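# A look at the structure
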Amino acid sequence: MSVPSNDGARRSVTSRVAGSTGGRAVIAVVVFVAALWVIEVIDTVAGNSLDQWGIHPREGGEAVRGIALAPLLHGGWEHLAANSVPALVLGFVGLAAGAGRFLLATAIIWLASGLGVWVTGGTGTVVIGLSGVLFGWMTYLAARGLFTRRPLDLVVGVTLMVLYGGMLWGVLPGQPGVSWQAHLWGAVGGVVAAVLLGRRARSESGPGNSRQVGAIAT
């Protein structure tokens, strides 16, 4: 007796999930975080020599390289592990709510955090880690609803503040070995991104505009 295979149905369901907005967001953020772990493996094998590619405040020779690469480098497995969970959560929420705007917001945050550290960071230090970007993602997602005026964005913002609002204390100096400057300027970059992109989203969905921009937009 032959039994019909369910492989086709399973593949169809998998394809639909992977092709959905949420599915693509999951894949993208998991790939990004996995890449961070691969980089840390390479750094460990290389004797942590990649860490010198971080930001050297007020040293002009490698400023561009440091600003570009610092968020991808971490000072060991504990540092990376601490950043991985919020990266997965905040990255998924941001991408699912609009990948195009979230990537543009990330570029603003990345640059703001890096430049801020380069200008205000401690002399003789090397700053690495994704935390500045994470603080920017947090403030961007928390604040954007104030400017888009979309109920879903407001709900997401309030929820994230309840879950992760305590992390914002990290913008204050005090913990040795932690760059509060990266946190502060990343958070500032997130607010700037929320203002710029939130107002743009509201204007695009305003009366008389033929383009439809819903709660999930790119």
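Residues numbered from 1 in each chain as written. Predicted model: local features only at pLDDT ≥ 70, side-chain atom pairs only at ≥ 80, totals over all residues. Heavy atoms only, no water.

Note the cut-off: UniProt positions are given in the numbering used here, feature names are shortened, and annotations may be inferred rather than shown by experiment.
With an unreviewed UniProt entry as reference, the protein is termed Membrane associated serine protease, rhomboid family, source organism Tsukamurella pulmonis. Reading the Subcellular location (unreviewed entry) entry of the UniProt record for the protein gives the comment "Membrane".

## Remarks on the UniProt feature "transmembrane region" (unreviewed entry) in the protein
What counts, and what does not: Under the scheme used here, helices are H or I runs from DSSP no shorter than 4 residues and strands are E runs no shorter than 2 residues, and both carry numbers assigned from the N terminus.
UniProt feature "transmembrane region" (unreviewed entry): in the numbering of this structure it lies at residues 21-39, 126-147, 154-172 and 178-197. For residues 21-39, helix accounts for 100% and strand for 0%, while the C-alpha atoms at its two ends are 27 Å apart. Split by type, residues 154-172 is 58% helix and 0% strand. Its first and last C-alpha atoms lie 26 Å apart.

## Concerning the pattern of salt bridges
Inclusion rule: We define a salt bridge as a side-chain nitrogen of Lys or Arg found within 4 Å of a carboxyl oxygen belonging to Asp or Glu. Think of it in three bands: with a 1.4 Å probe and only protein chains considered, a residue is buried below 20% of the maximum accessible area for its type, exposed above 50%, and partly exposed in between.
Taken as a whole and judged by the stated rule, the model has three salt bridges. Linking Asp-153 and Arg-150 is a salt bridge whose minimum nitrogen-to-oxygen distance equals 4.0 Å. You can call Asp-153 buried: its relative accessible area is 2%. What makes Arg-150 buried here is its relative accessible area of 12%.

## Quick notes on the side chain of Asn-83
Basically, it comes down to this: What qualifies as a polar contact is a pair of N or O atoms within 3.5 Å, subject to a donor-acceptor requirement within protein and to the restriction that residues adjacent in sequence count only when both atoms come from side chains. By definition, residues are in contact when any of their heavy atoms lie within 4.5 Å.
Along the chain, the position of Asn-83 falls in helix α4 (residues 77-96). Judged by relative accessible area, Asn-83 falls into the buried class, the value being 8%. In this structure the side chain of Asn-83 is engaged in a polar contact, spanning 3.2 Å, whose partner is the side chain of His-74. Excluding anything up to four places from it in sequence, Asn-83 contacts His-74, Leu-130, Ser-131 and Leu-134.

## Some thoughts on the environment of Val-195
Take Val-195: it is sitting in helix α9 (residues 180-204). Sequence separation between Val-195 and Thr-148 is 47 residues, and the spatial gap between their C-alpha atoms is 8.7 Å.

## A look at the confidence of the model for the protein
Rule in force here: Each residue carries a pLDDT score, the predictor's confidence in it, ranging from 0 to 100.
Confidence along the protein averages 84 in pLDDT terms, with 83% of residues attaining 70 or more. Averaged pLDDT values over the elements of the protein bottom out at 47 in helix α1 (residues 7-19) and peak at 96 in helix α5 (residues 99-120). This model gives residues 9-18 a pLDDT under 50, and the stretch forms four contacts once residues within four places in sequence are excluded. When the criterion is pLDDT under 50, residues 207-218 qualifies, and its contacts beyond four places in sequence or with other chains add up to 22 contacts.

## Some thoughts on the environment of Val-192
If you trace the backbone, Val-192 turns up in helix α9. Here Val-192 falls in the partly exposed class, since its relative accessible area comes to 38%. Separated by 83 residues in sequence, Val-192 and Ile-109 have C-alpha atoms that sit 8.3 Å apart.

## Things to note about the nonpolar core
The condition that has to hold: The definition of a nonpolar core used throughout is a set of buried Ala, Val, Leu, Ile, Met, Phe, Trp, Tyr and Cys residues joined through side-chain atoms within 4.5 Å.
Residues Trp-137, Tyr-140 and Leu-160 are the most contacted members of the largest nonpolar core, which totals 30 residues. If you tally residues by element for this core, the top one is helix α6 (residues 131-143), at seven residues. When sequence neighbours within four positions are dropped, the list of residues in contact with Tyr-140 reads Arg-101, Phe-102, Ala-105, Ile-109, Gly-190, Ala-193, Ala-194 and Leu-197. Ranked by size, the runner-up nonpolar core spans six residues in total, among them Ile-55, Val-117, Val-127 and Ala-182.

## Considering the packing of aromatic side chains
A ring pair, where both rings are aromatic, is described by two values, the distance of the centres and the angle of the planes. For the record, the criterion: Each Phe, Tyr or Trp ring, with Trp reduced to its six-membered ring, pairs with another whose centre is within 6.5 Å; inter-plane angles below 30 degrees give stacked pairs, above 60 give edge-to-face pairs, and intermediate values give tilted ones.
A full pass over the atoms with the stated rule returns four aromatic pairs. On the basis of an interplanar angle of 55° and a centroid distance of 6.5 Å, the ring pair of Phe-32 and Trp-137 is categorised as tilted. Of this pair, Phe-32 sits in helix α2 (residues 21-45) while Trp-137 sits in helix α6, and the two are 105 residues apart along the sequence. Classification of Trp-137 by relative accessible area gives buried; the value is 5%.

## Remarks on the side chain of Ser-84
Secondary-structure assignment places Ser-84 in helix α4. At 2.8 Å, the side chain of Ser-84 forms a polar contact with the backbone oxygen of Leu-80. What Ser-84 contacts, discounting residues up to four positions off in sequence, is Val-33 and Trp-37.

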